[in-house]
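Observations on the three-dimensional arrangement
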Amino acid sequence: MTINLRKIFNLPGESMPVDVSVEPSELTDIQGYTFATPVNIKGQVYNRAGIVKIKFATEFTLNIICDRCLKEFDRSYSYEFEHIIVKSLSTDNDEYIVADNESIDLKEIAISDLLLQLPSKLLCDENCKGLCMKCGCNLNESQCDCFSS
């Protein structure tokens, strides 16, 4: 969703609500994650004293396979983000979002932000015991005798 910010840039005190959903079918090219629900993005773009900011929250559910025991489960996530938006920059700076032609792609920004927030190791439970390295049984569900002797 491209948002034109010309009016926001030109009028201090101006604001605009944002409310958009990204369907799971639009996210199939993201490797390692399966989205079980749409990513809901809600927030506001505003100009306070000539500084343009966007503040938004994301909510979604992932269908995950545990990295230790390979159990499949769903987990919901919600994150909040805030960025300063500028018309242009003379040098590279990751602290600002550049609005090319006074526009930004909210979906792209939100998906990039949430992917950077997701944990690198996805576990069904923080105390997950995983699988037996010898017989492969799920140690959360049963106990094997592989290493008892």
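Let me begin by describing the structure that accompanies this report.

**Quick look at the pairing of strand β5 (residues 51–65)**
In the sheet, strand β3 (residues 34–35) pairs with β5 via two bridges, with the strands oriented antiparallel. Bridge pairing links Phe 35 to Leu 62 in β5. Looking at chain direction, strand β4 (residues 39–48) and β5 are connected through nine bridges and run antiparallel. The residue bridging Tyr 46 from the neighbouring strand is Lys 53, located in β5. Count of turn residues in the β4/β5 antiparallel hairpin: two residues, of which Ala 49 carries a positive phi of about 55°. In this structure, β5 lies alongside strand β6 (residues 72–86), joined through 14 bridges in antiparallel fashion. Bridging across to β6, Phe 60 finds its partner in Tyr 77. From the end of β5 to the start of β6, which pair antiparallel, there are six residues, and Leu 70 there has a positive phi angle of about 70°.

**Quick look at the packing of aromatic side chains**
Considering all chains together, one arrives at six aromatic pairs under this definition. For the ring pair Phe 35 and Phe 60, a centre distance of 5.7 Å and an interplane angle of 50° mean the geometry is tilted. Here Phe 60 lies in strand β5 and Phe 35 lies in strand β3, a separation of 25 residues in the sequence. On the basis of relative accessibility, which here comes to 8%, the residue Phe 35 falls in the buried class. For Phe 60, a relative accessible area of 3% gives the class buried. An angle of 45° between the planes, with centres 6.3 Å apart, marks the rings of Phe 60 and Tyr 79 as tilted. Of this pair, Phe 60 sits in strand β5 while Tyr 79 sits in strand β6, and the two are 19 residues apart along the sequence. For the pair Phe 60 and Tyr 79, a shared accessibility class is recorded, and that class is buried. Among the aromatic residues, those joined into a ring-pair cluster are Phe 35, Phe 56, Phe 60, Tyr 77, Tyr 79 and Phe 81.

Calculation notes
- Residues numbered from 1 in each chain as written.
- Predicted model: local features only at pLDDT ≥ 70, side-chain atom pairs only at ≥ 80, totals over all residues.
- Heavy atoms only, no water.
- Pairing = 2+ DSSP bridges.
- Helix = DSSP H or I, 4+ residues; strand = E, 2+ residues; numbered from the N terminus.
- Phe/Tyr/Trp six-rings, centres within 6.5 Å; stacked < 30°, edge-to-face > 60°.
- Buried < 20%, exposed > 50% of the residue type's maximum accessible area, 1.4 Å probe, protein only.

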